[in-house]
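# Architecture at a glance
One letter stands for each residue in the lines below.
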Amino acid sequence: MTLAARLAAEPLLSDSDAFPSHFRWGLATAAYQIEGGATEGGRGRSIWDTFAHTPGLTLHGDTGDVACDHYHRWAADLDLLADLGVTDYRLSLSWSRLQPRGEGALNPEAVAFYRTLLSGLRDRGIRPLVTLYHWDLPQPLEDAGGWPVRATADRFADYADLTVRTLGDLADDWVTLNEPWCSSFLGYGYGAHAPGRRDWDAAVAAAHHLNLAHGLALARIRAAHPLARVGITNIVTDLVPASDSAADLAAVERLDAASNRVFLDPVYLGDYSPAVHAALPALAAVVRRGDLAVIGAPVDFAGINHYQRVVVRHADGDGPLDLVETAAEPATTSFGWSVTPDAFRTVLERVAREFTPLPIYVTESGASFDDYVDPDGVVADHERVAYLRGYLDAAAAAIRSGVDLQGYYAWSFLDNFEWAEGYGKRFGLVYVDYRTQERIPKLSAHWYRQAILEHRAQASVATRSA
């Protein structure tokens, strides 16, 4: 069956006109996952270089040394983005490329690369949403203690200041940090991500210092680029109890406090809630007078990443939180994650109801499947099309309920290096043959373009009728 025939068989969104006319339709990536060029252009070593090159920590010993070779193929990749019809592109800048030692002047070769990249987006009419930190801490800062050390927050603020002063004329929309829960708890508590440490108190300290880094950077960005729009991106998981028992309900509250609220509370509500302090008692030792005012300074939007619903069960002595997590059914992605669009709507409505009336941008949403090129040369990822349709329909319902959702950035533009899972998981709307670096837009990429075009046509008609 031809690609056109497969695409014609896939219905589009059921409520496309729910999305505002200026809605941002985007795709997202992260520097270490796609750039490659690991030893080129003056780039320094990051914690992910160290982690990936440590035997046994990533699938098959995979590294991001080459990844999607975006460092050399950026122009063709931007052309492909334009062909897919997106209005926006969320990218991250490599801290270790821009500031190899984590301090001092910016690397001129990196500045030139990112100026060229951002200019290329502007030339193609694509608006960038720039993330300053997507997990690639310069290794010298980790050697000095990493995120559990307060000084790292100051170094990040310096980096943010220099970067926005240097590149701010090419981008107005900035995200300080991506998913600080992963940087702190996966990196320092569970050891599943770089730097691979297993120290719960260090993870709690890292969480606070990441929050502080956001607030310090926010103030510096405001001074450097007063017209910039700035936010932070947090992953928000929908948590449900395994039963109605008091123990399972309490387990949900602990996990919610230690994964969602520890980052949402101080940024949007100005303080850590009693539930957060109860779940993370080590927090009290690292919070200093004035920190919460810095962290809670007003932002311009809320960035939300969402991937799954998790079922939580109390279990004495199981991990630092005394609980077990399992994926909700149906757990159908290649990661074993659930595909539950109603969980997405629940998260959006919860953030708008409990935390902030600010505009929300879904800065990541996606699913991994076992994609392949069939004999017709087509990557027929019907599962991802169904995922996108279901989650965007849920987003439309959230908008109808009053959520100020302004944009959706599907994860991801390209198949890429999926952290500890190496190249074993494919999230992209574009298939990457890692051997040849050929890019093949999947069925989902063509579907997403059609959905964007449909919305634009409806918005145009509405504008003319107004």
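Scroll up a little and you will see the structure.
Let me begin by describing the structure that accompanies this report. (Residues numbered from 1 in each chain as written. Predicted model: local features only at pLDDT ≥ 70, side-chain atom pairs only at ≥ 80, totals over all residues. Heavy atoms only, no water.)

## Details of the sheet that holds strand 8 (residues 309–314)
Strand order in the open sheet made by the 3 strands is 6-8-9, with mixed pairing throughout. At either margin of the open sheet sits one strand with a lone partner, and together these are strand 6 (238–241) and strand 9 (323–327). For this sheet, the mean angle separating the axes of adjacent strands, direction not counted, is 35°. (Pairing = 2+ DSSP bridges. Helix = DSSP H or I, 4+ residues; strand = E, 2+ residues; numbered from the N terminus. Axes fitted to C-alpha atoms, helices over the stretch in contact; angles between N-to-C directions.)

## A word on the pattern of salt bridges
Enumeration over the complete set of coordinates arrives at 37 salt bridges. Here D291 and R150 are joined by a salt bridge, their closest N and O atoms 2.6 Å apart. Within this pair, whereas D291 is found in helix 13 (residues 291–295), its partner R150 is found in the loop between helix 7 (139–143) and helix 8 (151–167), the two being separated by 141 residues in sequence. D291 sits in the buried class, given a relative accessible area of 3%. For R220, the salt bridge is made with D158, and the minimal N-O distance between the two is 3.1 Å. (Salt bridge = Lys/Arg side-chain N within 4 Å of Asp/Glu carboxyl O. Buried < 20%, exposed > 50% of the residue type's maximum accessible area, 1.4 Å probe, protein only.)

## Overview of helix 14 (residues 341–355)
An ideal rise of 1.5 Å per residue puts 21 Å on 15 residues; helix 14 measures up with 21 Å between its terminal C-alpha atoms. All of the buried residues in helix 14 are A343, F344, V347, L348, R350, V351 and F355. The arc that holds the buried residues of helix 14, viewed along the axis, is 160°, so those residues lie on one side. (Expected span 1.5 Å × (residues − 1). Arc of directions from axis to C-beta.)

## Observations regarding the nonpolar core
Judged by nonpolar contacts, the single largest core of 150 residues is most densely connected at L93, W147, F156, Y408 and Y448. Top element by residues in this core is helix 10 (residues 200–224). It accounts for 12 residues. (Core = buried A, V, L, I, M, F, W, Y, C linked by side-chain atoms within 4.5 Å.)

## Some words on the side chain of H70
If you trace the backbone, H70 turns up in helix 4 (residues 70–83). In terms of polar contacts, H70 uses its side chain to reach the side chain of D77, at 2.8 Å. What H70 contacts, discounting residues up to four positions off in sequence, is I34, E35, D77, Y89, L117 and R439. (Polar contact = N/O pair within 3.5 Å; in protein donor to acceptor, adjacent residues only side chain to side chain. Contact = heavy atoms within 4.5 Å.)

## Topic: the packing of aromatic side chains
Here the structure, examined in full by the defined rule, presents 36 aromatic pairs. With a centroid separation of 6.4 Å and 75° between ring planes, the pair formed by F417 and W419 is classed as edge-to-face. By the burial criterion, F417 is buried, and W419 matches it. The rings of Y32, W48, F51, W135, F417, W419, Y423 and Y434 are connected pair by pair, giving a single aromatic cluster. Looking at R97, its charged tip hangs above the ring of F113, at a distance of 5.9 Å from the centre. One residue, K425, lies across the ring of F335, its end atom 5.3 Å from the ring centre. (Phe/Tyr/Trp six-rings, centres within 6.5 Å; stacked < 30°, edge-to-face > 60°. Lys NZ or Arg CZ within 6 Å of the ring centre and 35° of its normal.)

## Some points on helix 11 (residues 246–269)
Compared with an ideal rise of 1.5 Å per residue, which puts 24 residues at 34 Å, helix 11 spans 27 Å between its outermost C-alpha atoms and falls more than 12% short. Of all the bends found along helix 11, the most pronounced is centred on R261 and spans about 60°. The buried count for helix 11 comes to 17 of 24 residues, which makes it a mostly enclosed element. With its phi angle positive at about 85°, G270 sits one or two positions after the end of helix 11. (Bend = angle between axes of the 7 residues up to and from the residue.)

## Examining the packing of helix 9 (residues 180–189) against helix 10
Helix-helix packing: each pair is described by the crossing angle between the helix axes and the interaxial distance. Across the interface, helix 9 lies against helix 10 with an axial gap of 8 Å and an inter-helix angle of 160°. Here helix 9 is positioned roughly antiparallel relative to helix 10, judged by the angle of their axes. Of the two elements, helix 9 crosses helix 10, and the hand of that crossing is right-handed. For the pair formed by helix 9 and helix 10, the contact residues are P180, S183, S184, F185, Y188 and G189 on the first element and W200, A202, A203, V204, A206, A207 and L210 on the second. (Parallel < 35°, antiparallel > 145°, perpendicular 65-115°, else oblique. Left-handed = near helix turned anticlockwise from the far one by under 90°.)

## A word on unusual backbone geometry
The omega angle of the peptide bond from E329 to P330 is -5°, so this bond is cis rather than trans. On the secondary structure map, P330 appears in the loop between strand 9 and helix 14. A cis amide bond links W411 to the next residue, S412, at an omega of 10°. Tracing the backbone through its elements, the reader meets S412 in the loop between strand 11 (405–411) and strand 12 (430–433). Look at A67: it is not a glycine, yet its phi comes out positive at around 50°. Positive phi outside glycine occurs at W135, with the angle close to 85°. Secondary-structure assignment places W135 in the loop between strand 3 (127–133) and helix 7. Residue class for W135 comes out buried when judged on its relative accessible area of 6%.

## What about the environment of D318?
Position of D318 among the secondary structure elements: in the loop between strand 8 and strand 9. The residues contacting D318, other than those within four sequence positions of it, are L323 and V324.

## What about the pairing of strand 2 (residues 88–92)?
When you tally the buried positions in strand 2, you get 5 out of 5 residues, the bulk of the element. What you see with strand 2 is no split at all: D88, R90 and S92 on one side and Y89 and L91 on the other are buried throughout. Of the strand pairs in this sheet, strand 2 and strand 3 are connected by 5 bridges, and their pairing is parallel. Looking at strand 3, one finds that D88 is bridged to R127.

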